[in-house]
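Coordinate inspection notes
Residues per chain, in single letters:
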Amino acid sequence: MNVDLYDFELPESLIAQTPLENRTASRLLTLNKDSGEMEHHTFSDIINYLHPGDTLILNDTRVIPARLFGLKEDTGAKAEVLLLHNLGDNRWETLVKPGKRLKKGAVIRFGDELSATIEEETDMGGRIIRFHYEGIFQEILDRLGQMPLPPYIKEKLEDKERYQTVYAKHEGSAAAPTAGLHFTTELLEAIKQKGVRIGFLTLHVGLGTFRPMSVDVVEDHVMHAEYYSLSQETADLINETKKNGGRVIAVGTTSCRTLETVGNQFKGQDLAASSGWTDIFIYPGYTFKVVDALITNFHLPKSTLVMLVSALAGREQIMKAYNEAVKQQYRFFSFGDSMFIYSDRG
């Protein structure tokens, strides 16, 4: 398949730059993947589409202030470091700017309390760096680091917590699982009161979020691996939901990818606790093992995420829905509006 099949016209004015004051006030486009029927709502209306016996699965990863700005020690030139994955022993997988000047052996200083040495150059312009400091690294990072907003967001984020879900718990992500940003504690409680179960998993969002596809053929793309963890408690909840005919509804593509990773391990059997690294790439032709429905945001043209939602609902239906969203001036990407792709059957 050619990547261009997943292209669409997106005016820059529709790229949301700031979050709405009220998380649940974003718009919601619903798509019945069986009939193709589309409707327009506000996100708080999602509760009307959830049935007793359904289970929502949320990604409880927490974004770290992973963007650091410093100076190259020998020249004083500006340097930017984006933390992606903690390798232990003060070593991190990172992205750096400007890559051409930051070679192996270079030292970057981030003020008096933190410095880093580049130890390795990795594929696709990444770097392995080792930090040097005294004290507690997370406290230093909280003081010096900034939220790693995607490059298409130009506005300053006034409140760091608006780039976290209200249920964020386990630190480790370089980007937020943005479909979850629409939920409030009150909405989640109302959903529970309706008889919908809620389960959690963790996938730390990493390098793939910041990498555009660089191939022309979909099947040639290789996803960057990300760490995930699914507890036995959540596995049991999913198994019970399936046996009782309820729907497993993934909140966000990260939850979806984690569930399908675990589903592929157990191949039709009951799920069990699982953790590790996943580089699963879901595109049309894929058969879903666990996920019945998906709450998600609107994604970049020609991105792996547009391919994932196309695998669930069909490319033609997704392209039609995206064109409708553009026509109706929905807000796109991280701080944008939402979409619910569903079937009434579990």
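Notes on the structure in this doc start here.

**Notes on the nonpolar core**
Counting residues in hydrophobic clusters, the biggest one holds 64 residues, and the most contacted among them are Y163, L259, I318, Y322, F332 and M339. It is helix α5 (residues 304-313) that contributes the most residues to this core, 7 residues altogether. Not counting residues up to four positions away in its chain, the partners in contact with Y163 are V63, M147, P148, L149, P150, L157, A175, A176, T178, L181, S334 and F335. In terms of nonpolar packing, the next biggest core, distinct from the first, is built from 24 residues, V96, F110, F131 and I140 among them.

**Digging into the pairing of strand β6 (residues 78-88)**
For strand β5 (residues 67-72) and β6, the ladder comprises 5 bridges, and the chain directions are antiparallel. Note on β6: the bridge partner recorded for L68 is V81. Linking β5 to β6, which pair antiparallel, is a turn of 5 residues; within it G76 sits at a positive phi near 80 degrees. Note: β6 against strand β7 (residues 91-97), 7 bridges, orientation antiparallel. Residue pairing across strands places N86 opposite W92, the latter belonging to β7. Between β6 and β7, which pair antiparallel one after the other, the connecting turn spans 2 residues, and D89 there sits at a positive phi close to 55 degrees.

**Here we look at the sheet that holds strand β9 (residues 114-121)**
Within the closed barrel, the 6 strands sit side by side as β5-β6-β7-β10-β9-β8. Their pairing is antiparallel. With strand direction ignored, the average angle separating the axes of adjacent strands in the sheet is 45 degrees. Bridge count between β7 and strand β10 (residues 126-133): 5 bridges; the pairing is antiparallel. Across the sheet, residue W92 finds its bridge partner in β10, namely I129.

**Digging into the packing of aromatic side chains**
According to the stated counting rule, one finds 21 aromatic pairs in the structure shown. When the ring of F8 is compared with that of Y322, the centres are 5.1 Å apart and the planes differ by 75 degrees; the resulting orientation is edge-to-face. With F8 in the segment before β1 (27-32) and Y322 in helix α6 (residues 315-327), this residue pair connects regions lying 314 residues apart in the sequence. There is no split in this pair, since F8 and Y322 are both buried. Aromatic pair F298 and F332: ring centres 5.2 Å apart, planes at 40 degrees, arrangement tilted. Taken together, the residues span a long stretch of sequence, with F298 in the loop between β16 (293-297) and α5 and F332 in the loop between α6 and β17 (338-342) at a distance of 34 residues. By the burial criterion, F298 is buried, and F332 matches it. The ring of Y330 has R27 lying over it, and the distance from NZ or CZ to the ring centre is 4.0 Å.

**Some thoughts on the packing of α5 against α6**
Between α5 and α6, the least distance of the axes is 7 Å, while the angle of their chain directions is 120 degrees. Viewed along their axes, α5 and α6 adopt a mutual orientation that is oblique. As for the relative orientation of α5 and α6, their crossing is right-handed in sense. Here V306, V309, S310 and A313 of α5 lie close against α6, whose contacting residues are R315, Q317, I318, M319 and Y322.

Scoring rules and cut-offs
- The numbers attached to residues start from 1 for each chain and follow its sequence in the written order.
- Local features are withheld for residues below a pLDDT of 70 in this predicted model, meaning they are given only at 70 or higher, and side-chain atom pairs are given and counted only at 80 or more; totals for whole chains, interfaces and linings count all residues.
- Computation of side-chain values covers all heavy atoms of the structure but excludes hydrogens and water.
- To form a nonpolar core, buried Ala, Val, Leu, Ile, Met, Phe, Trp, Tyr and Cys residues must be joined to one another through side-chain atoms within 4.5 Å.
- The classification of residues rests on relative accessible area computed with a 1.4 Å probe and restricted to protein chains. Under 20% of the type maximum is buried, over 50% is exposed, and intermediate values are partly exposed.
- Here a helix means four or more residues in a row that DSSP labels H or I, a strand means two or more in a row labelled E, and each is numbered from the N terminus.
- Any pair of residues with heavy atoms lying within 4.5 Å of one another is described as a contacting pair.
- For two strands to be treated as a pair, DSSP must find at least two bridges joining them.
- Orientation is described by lines fitted to C-alpha atoms, with helices fitted over the stretch in contact, and by angles between N-to-C directions that extend from 0 to 180 degrees.
- Aromatic pairs are defined between Phe, Tyr and Trp rings, using the six-membered ring for Trp, whenever the two ring centres lie within 6.5 Å; interplanar angles under 30 degrees are classed as stacked, those over 60 as edge-to-face, and all others as tilted.
- Counting as a charge over the ring demands two things of the Lys NZ or Arg CZ atom: a distance within 6 Å of the ring centre and an angle within 35 degrees of the ring normal.
- Any angle from 65 to 115 degrees is called roughly perpendicular, while one under 35 is roughly parallel, one over 145 is roughly antiparallel, and all others are oblique.
- We call a crossing left-handed when the near helix sits turned anticlockwise from the far one by less than a right angle, and right-handed when that turn is clockwise.

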